[in-house]
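Each chain, letter by letter, is given below.
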Amino acid sequence: MKRIEDLSLSHLTVSVDEDGIATVSLNRAEKRNALNAACVEDLIDVFSLLPRAGVRAAVLRAEGTHFCAGLDLVEHHAEDRRPEDFMHICLRWHEAFNKMEYGGVPVIAALKGAVVGGGLELASAAHIRVADASTYFALPEGQRGLFTGGGATIRVADLVGKARMIDMMLTGRVYQGDEAIAVGLAQYLVPDSEARAYEIARAAASNPPLSNFAICSAISHMQNMSALDAAYAESVVAGIVNTQPAARGRLAAFADKSAARVRPNE
Ligand code: 1HE
């Protein structure tokens, strides 16, 4: 199996600390981290490998002041793609984002500046989105004469609902601040999105990896199933996860009253 340090990446950097927290950085700030074809291949390579490399959680962050400006419009224009070319480009985007969403490793996106178009598609494949005061969300595809191709019709519609997504695409409406949280584009709005993303990653990484695997893959898979099949799949997953050896000590601690209780926030 390839190791993370063996990956040859054009526009991403990856490191893993001693606690198994990976930092995945979009590293194309001079182009506002626009996603060209090479960058999408990098994302596929990295997120294919992380779940098998002992990584316990990942923070997806960006260099520069913008998280991601979406599809590389200049490359798209220069390539003068045929429909079938762009269909295949979209399939690679789906491959990358599905590796993130279904990989079983918690991915926490630390957002800032523009999270637009394909940048929002990327962010919406993370399990948790953390925004700061500079973060803004938009789907400018309509204004560019384009359509979403990186899964927004599934993931952004899931986050904000069909009507809001259509409004964003028809009008170019921008969401930011509390309103972005209220409509579901991010779960946290904090002064320092990166610091909070690491706190969340560390908290998640303290769960048994098998529990996190189920949380960060089974829920997404079950959303794609009928309720009947989802209930069946849930029972199978719970059968495996809820009897895992790693849970025994935690259950014993609850039973002997040494484990923390669940209390309301102060
Ligand atoms: C880019 C891109 C890009 C910047 N593709 N090169 N996405 C959009 O419609 C968003 C387009 N970008 C912007 O609106 C702005 O660039 C930003 C608000 C993100 C940042 O503004 P600013 O003033 O900081 O930067 P800039 O001067 O606009 O751009 C700096 C450089 O980044 C410049 O390159 P340079 O070589 O002239 O220095 C820009 O060309 C470059 N750049 N954004 C290529 N997107 C699977 S389908 C998905 C469909 C979509 O994603 S549509 C939405 C596309």
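Before reading on, note that the structure itself is shown above.
The model shown is predicted, which means the values in this text are computed figures rather than measured ones. (Residues numbered from 1 in each chain as written. Predicted model: local features only at pLDDT ≥ 70, side-chain atom pairs only at ≥ 80, totals over all residues. Heavy atoms only, no water.)

Trainee: Help me understand the sheet that holds strand S9 (residues 188–189) in this model?
Mentor: The pairing of strands in a sheet comes from backbone hydrogen bonds and takes either a parallel or an antiparallel form. Ordered by their spatial adjacency, 6 strands build an open sheet running S1-S2-S3-S4-S6-S9, and the pairing between neighbours is mixed. On the outer flanks of this sheet lie strand S1 (12–16) and S9, each paired with one strand and no other. Note: strand S6 (residues 128–131) against S9, 2 bridges, orientation parallel. By the bridge assignment for S9, Val130 is matched with Tyr188. Strand contacts of helix H1 (residues 37–49): S1, strand S2 (21–26) and strand S4 (107–110), with the helix running at about 15° to S1, the strand carrying the most contacts. (Pairing = 2+ DSSP bridges. Helix = DSSP H or I, 4+ residues; strand = E, 2+ residues; numbered from the N terminus. Contact = heavy atoms within 4.5 Å. Axes fitted to C-alpha atoms, helices over the stretch in contact; angles between N-to-C directions.)

Trainee: When you look at the site of the ligand in this model, what are you seeing that I'm missing?
Mentor: Lining the immediate environment of the ligand, one finds 26 residues, of which Lys31, Arg32, Ala69, Gly118 and Arg144 sit closest. Here His66 contributes a side-chain N or O atom positioned 3.4 Å from an oxygen atom of the ligand. Contacts to the ligand include Arg144, whose side-chain N or O atom sits 2.5 Å from an oxygen atom. For the ligand, whose unbound accessible area comes to 1,000 Å², protein coverage reaches 69%. Elements with a contribution of two residues or more to the shell around the ligand: helix H2 (73–79), helix H3 (83–102), strand S5 (114–116), helix H4 (118–124) and helix H5 (141–144). Residues that form the shell around the ligand fall into these classes: 13 nonpolar, 6 polar and 7 charged. (Near = heavy atom within 4 Å. Polar contact = N/O pair within 3.5 Å; in protein donor to acceptor, adjacent residues only side chain to side chain. Areas by Shrake-Rupley, 256 points an atom, 1.4 Å probe, with all protein chains shown as cover. Nonpolar A, V, L, I, M, F, W, Y, C, P; charged D, E, K, R; others polar.)

Trainee: Got a minute to help me understand the packing of helix H10 (residues 209–223) against helix H11 (residues 227–241) in this structure?
Mentor: Describing two packed helices takes the angle between their axes plus the distance from one axis to the other. Contact pair H10 / H11: the axes reach a minimum separation of 11 Å and the direction vectors enclose 175°. Relative to H11, H10 is oriented roughly antiparallel. Mapping the contact onto sequence places Leu210, Ser211, Ala214, Ala218 and Met222 in H10 and Ala230, Ala233, Glu234, Val237, Ile240 and Val241 in H11. Within the contact of H10 with H11, the residues separate by chemical class into 9 nonpolar, 1 polar and 1 charged. (Parallel < 35°, antiparallel > 145°, perpendicular 65-115°, else oblique.)

Trainee: Can you walk me through the nonpolar core in this structure?
Mentor: A general tendency of soluble globular proteins is for nonpolar side chains to be buried together. If you look at the biggest cluster of nonpolar residues, it comprises 51 residues, and the most contacted ones within it are Leu50, Phe67, Phe97, Met100, Phe137 and Leu185. Top contributing element to this core by residue count: H1, with 7 residues. What Met100 contacts, discounting residues up to four positions off in sequence, is Phe47, Leu60, Val105, Val107, Leu122, Ala125, Ala126 and His127. Listed in part, the 11 residues of the second largest apolar core include Val130, Ala197, Ile200 and Ala205. (Core = buried A, V, L, I, M, F, W, Y, C linked by side-chain atoms within 4.5 Å. Buried < 20%, exposed > 50% of the residue type's maximum accessible area, 1.4 Å probe, protein only.)

Trainee: Whenever I open this one, the environment of Gly239 confuses me. Can you help?
Mentor: Note on placement: Gly239 falls in helix H11. The class for Gly239 is partly exposed, based on a relative accessible area of 39%. Gly239 sits 91 residues away from Thr148 along the chain, and the two C-alpha atoms are 38 Å apart.

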